[in-house]
Amino acid sequence: MNTYFIKRFVAMIITLWLIVTGTFFLMHWVPGSPFNEERTTNAAIQKNLESYYQLDKPLLVQYGNYLKALVQFDLGPSIKKSSQTVNDMLGRGFPVSFELGLYTLLLAIVSGITLGVFAALRHNGLIDYLAMSIAVLGISVPNFVMATLLIQQLAVNIPIFPVATWSSPMHMVLPILALATGPMAIIARLTRTSMLEVLTQDYIRTAKAKGLSPVKIVFKHALRNALLPVVTVLGSLAASILTGTFVIEKIFAIPGMGKYFVDSINNRDYPVIMGTTVFYSAILILMLFLVDLAYGILDPRIKLHKKEAK
Amino acid sequence: MELRKQDVRNISPDVPNDWFVPKQQNQQAGEAVVRPSLSYWKDSWHRLLKNKLAMAGLIFLIFLAIFAIFGPLLSPHSVETQRLTEQNLPPSGKYWFGTDDLGRDVFTRTAYGARISLFVGLMAAMIDFIIGVVYGGIAGYKGGRTDNLMMRFVEILYGLPYLLVVILVMVVIGPGLTTIILALSITGWVGMARIVRGQVLQIKNYEFVLASKTFGTSAARIIRKNLLPNTMGPIIVQMTLTIPSAIFAEAFLSFIGLGIQAPHASWGVMANDGLSTILSGYWWRLFFPTLFISLTMFAFNVLGDGLQDALDPKLRR
């Protein structure tokens, strides 16, 4: 187990380093400096600015300095919002995005599994078709379309929920719903398929023959085994929720990290683009790692170190 | 099989030969084929035909292709002509899907958007196919160290957040159709490479591949003639599922302002424009592009699911 951990950890660091390096050189490859549009600055000020942001140094020195600062979790100052550092922005934006992402993930998992289980128990029945139609629609309708539909129906036509900002639980309903439909649909389909497979297993028949109650059979015997494939996709689902927060935060004007990211792209604010990319990637890579670990814990048949030794 | 005379004679000396009368077998009944022999592809096609949802998806996609090719020609209005006197008109006999804030015809723009979406989807799938099949095929066939090294690289790319990479590339190279396809392909081929490699690893140990090897067939020819045809099923499924994700990515990028730029029309751009005017009640500007995005993704997804079932040899009856 230990060698597996170390190997995975090293791979994680390498991936992260590649992302940092890639983003760094990509950013500096872009023609034009972020100061170009500020026509009022004279040459001396421009020079001072460039030296403040270290843009006058050779590229490799800048790269070295960036890596050094990064190890100390310092993502540098923002260029466009001169008084703020990237750390400040992430510090303010991340809790909001985290809240949005977490609630979305929870809603998607709970409702997805429920739909999937009911669909499997009523295989080819009305509930099955209904649940699967919802699921296919959920996969097909992009989250920004979902968001606009929800706004139109539940905020404009029938004004139940307020839109924009993130100030009260009522404000959170629509963004979370919009973001959760896609992942929910994927979880529902996966749960249904693996539930159907598990329900035909011998040990389920044994459990039925023993006279166990259906509730106990479903929750204790079937669901635990059926959920394994669902756990494997959680990592990539978290990734899609994370990127989904960009648009959702933009549409609903939620002051989260995604909004800073999209703004920084439009402003060409390189330190912010880099900082957020690195931060997002770190979270995603960590998620994938945790999912792998969870998988090993949930399924005792999977011995991670043995698989690696092959 | 028919017993021959001399076999009967050799049974035993104590047994008279005339005890045994060779049974006249009805040759034709034995050889008659109960059901017509079907090739893998024909069989799969029959199974796909039975899947109503997948067929509906396929039919919709055929219509979409026709709409994309001939739609702009059918409509009397051009994509970019602005008529400032005819802003935000609701759908009517003159403008089937209404007009937008610059008086442009939404029907023509939606058809034009279909062109872009389908083009992006198909190109992304093609590039993924070419790179993924070559890479995965070589890794799987060579095996050992080569495979290990090649797959290490794939794992690292696989760990990269897909849309983030795409966004970064778009920021650097600048928005546009070519950039979108390029950005989608940089990490998109990885999934295909993994699937092809897995399949090749499995199939390369079969006897018919060994037979080819003993005849001295070159590695490239074995991959092309023996291995790839047998992995076509999963490859096709992967391609049908790549297309909707590429279409989604294009719409997503255009929506956040990184994709297709005005005055070109793409569903993502139109949805973004439409969103800003939704409070004014111009619903058609948002409705048509988003309807088409959703229907297209839906059609590709159900077709992909149907193909997955149809092409799976385990489900063959």
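Bear in mind that the values here come from a model prediction, so they are computed numbers and not experimental data.

J.: Whenever I open this one, the overall build of chain A confuses me. Can you help?
T.: Of regular secondary structure, chain A possesses 13 helices and 0 strands. In sequence order, the secondary structure elements of chain A are arranged as α-α-α-α-α-α-α-α-α-α-α-α-α. Counting every position in chain A, which comprises 310 residues, the buried fraction comes to 35%. Residue pairs in contact within chain A that sit at least 24 positions apart in sequence constitute 73% of those at least 6 positions apart.

J.: Is there a simple way to think about the overall build of chain B in this case?
T.: When you go through chain B residue by residue, the secondary structure sums to 12 helices and 0 strands. Of the regular secondary structure in chain B, the N- to C-terminal order runs α-α-α-α-α-α-α-α-α-α-α-α. Counting across all 317 residues of chain B, residues that qualify as buried make up 41%. Long-range contacts, defined as pairs at least 24 residues apart, comprise 67% of the intrachain contacts of chain B with a sequence gap of at least 6.

J.: How should I be thinking about the packing of helix α5 (residues 126-140) of chain A against helix α7 (residues 169-199) of chain A in this particular structure?
T.: All names here are of chain A. It is the contact of α5 with α7, at a shortest axis distance of 8 Å, that shows an interaxial angle of 135 degrees. Comparing the axis directions of α5 and α7 gives the class oblique. In the crossing of α5 with α7, the sense of the turn from one axis to the other is left-handed. Mapping the contact onto sequence places Ala 131, Ile 134, Ala 135, Gly 138 and Ile 139 in α5 and Thr 181, Gly 182, Met 184, Ala 185, Ile 186, Ala 188 and Arg 189 in α7. The residue makeup of the contact of α5 with α7, split by class, is 8 nonpolar, 3 polar and 1 charged.

J.: Please explain the environment of B:Pro76 as it appears in this structure.
T.: Residues and elements named next belong to chain B. With respect to the secondary-structure elements, Pro 76 resides in the loop between α4 (52-74) and α5 (106-142). What makes Pro 76 exposed here is the crowd of 10 C-beta atoms within 10 Å. Sequence-wise, Pro 76 and Asp 105 are 29 residues apart; in three dimensions their C-alpha atoms are separated by 9.4 Å.

J.: Please clarify how the nonpolar core should be interpreted in this entry.
T.: As a rule of thumb, nonpolar side chains are buried together in soluble globular proteins. Counting residues in each nonpolar core, the largest one holds 146 residues, and the members touching the most others are B:Val166, B:Ile167, B:Phe252 and B:Ala271. Top element by residues in this core is helix α12 (residues 283-311) of chain B. It accounts for 15 residues. Beyond its immediate stretch of four places on either side in the chain, B:Ala271 contacts A:Phe144, A:Val145, B:Ala251, B:Phe255, B:Leu286, B:Pro289 and B:Thr290.

J.: Explain the interface of chain A and chain B to me, please; I cannot follow it from the model alone.
T.: Much of the literature gives interface size as the accessible area that the parts lose upon coming together. At the interface, 35 residues of chain A touch 30 residues of chain B. Mapped onto the side of chain A that touches chain B, the elements with two or more residues apiece are α1 (2-29), α5, α6 (143-157), α10 (228-251), α11 (257-267) and α12 (270-298) of chain A. With 8 residues, the top contributor of residues to the side of chain A that touches chain B is α1(A).

J.: Before we go on, may I ask you to explain unusual backbone geometry in this structure?
T.: At A:Ala253, a position not held by glycine, the phi torsion is positive, near 50 degrees. Assignment of secondary structure puts A:Ala253 in the loop between α10 and α11.

J.: In this structure, what is going on with α5(A)? I would like to understand it.
T.: Residues three or four positions apart in an α-helix share a direction because the helix packs 3.6 residues into each turn. Compared with the 21 Å implied by 1.5 Å per residue over 15 residues, the 21 Å span of α5(A) between its first and last C-alpha is a close match. Along α5(A), the residues that are buried comprise A:Ala131, A:Ala135, A:Gly138, A:Ile139 and A:Ser140. The inward-facing, buried residues of α5(A) abut α4 (86-121) and α7 of chain A together with α12 of chain B.

J.: How should the confidence of the model for chain A be read in this particular structure?
T.: When pLDDT drops low, the exact placement of atoms in the prediction is not to be read closely. When pLDDT is averaged along chain A, the result is 78; 87% of the residues meet or exceed 70. When the criterion is pLDDT under 50, residues 305-310 of chain A qualifies, and its contacts beyond four places in sequence or with other chains add up to 5 contacts.

J.: Can you walk me through the confidence of the model for chain B in this structure?
T.: With 86% of its residues at a pLDDT of 70 or more, chain B has an overall mean of 78. At the level of chain-chain contacts, confidence expressed as ipTM amounts to 0.71, with global pTM at 0.75.

J.: Sorry, what's going on with the environment of A:Met170 here?
T.: All names here are of chain A. Along the chain, Met 170 falls in helix α7. The sequence separation of Met 170 and Ile 160 amounts to 10 residues, and the corresponding C-alpha distance is 9.0 Å. In this structure, Met 170 is in contact with Phe 161 and Pro 162, ignoring residues within four places of it in sequence.

J.: What's the story with the packing of α4(B) against α12(B) in this structure? I'm lost.
T.: In helix packing, the relevant descriptors are the interaxial angle and the interaxial distance, both defined with respect to the helix axes. All names here are of chain B. At their nearest, the axes of α4 and α12 sit 8 Å apart, and the two run at 135 degrees to each other. One way to sum up the angle between α4 and α12 is to call them oblique. Once α4 is placed against α12, the crossing between them reads as left-handed. On the side of α4, the interface is formed by Leu 53, Ala 54, Gly 57, Leu 58, Phe 60, Leu 61 and Leu 64, while α12 contributes Leu 295, Thr 296, Ala 299, Phe 300, Val 302, Leu 303, Asp 305 and Gly 306.

J.: Looking at this structure, how should I read α5(B)?
T.: Between its first and last C-alpha, α5(B) extends 53 Å over 37 residues, near the 54 Å set by a 1.5 Å rise per residue. B:Gly143 sits one or two positions beyond α5(B) and adopts a positive phi of about 65 degrees.

J.: Explain the environment of A:Val173 to me, please; I cannot follow it from the model alone.
T.: Tracing the chain through its elements places A:Val173 in helix α7. A:Val173 sits in the partly exposed class, given 17 other C-beta atoms within 10 Å.

Cut-offs used in this document
Counting starts from 1 at the beginning of each chain's written sequence and moves along it residue by residue. Chains and ligands are labelled by the order in which they are written, letters from A for the one and numbers from 1 for the other. Thresholds applied to this predicted model are a pLDDT of at least 70 for local features of residues and 80 or more for the giving and counting of side-chain atom pairs; totals over whole chains, interfaces and linings are not thresholded and use all residues. Numbering of helices and strands runs from the N terminus; a helix is a DSSP stretch of H or I covering at least four residues, while a strand is a stretch of E covering at least two. Neighbour counting defines burial: a residue surrounded by 20 or more other C-beta atoms within 10 Å of its own C-beta is buried, one with 12 or fewer is exposed, and intermediate counts give partly exposed, using backbone-placed C-beta atoms. Working definition of a contact: two residues with C-beta atoms, positioned from the backbone, lying within 7 Å. In this analysis an axis means a line fitted to C-alpha atoms, helices contributing only their contacting stretch, and an angle means the value between N-to-C directions, from 0 to 180 degrees. What sets the label is the angle itself: under 35 degrees gives roughly parallel, over 145 gives roughly antiparallel, 65 to 115 gives roughly perpendicular, and the rest give oblique. Left-handed describes a crossing in which the near helix is turned anticlockwise from the far one by less than a right angle; the clockwise case is right-handed. All amino acids are sorted into three groups, where Ala, Val, Leu, Ile, Met, Phe, Trp, Tyr, Cys and Pro are nonpolar, Asp, Glu, Lys and Arg are charged, and the leftover types, Gly among them, are polar. Joining buried Ala, Val, Leu, Ile, Met, Phe, Trp, Tyr and Cys residues through C-beta atoms within 7 Å gives a set, and that set is a nonpolar core. Any helix carries an expected span of 1.5 Å times its number of residues minus one. What pLDDT reports is the predictor's confidence in each residue, on a scale of 0 through 100.

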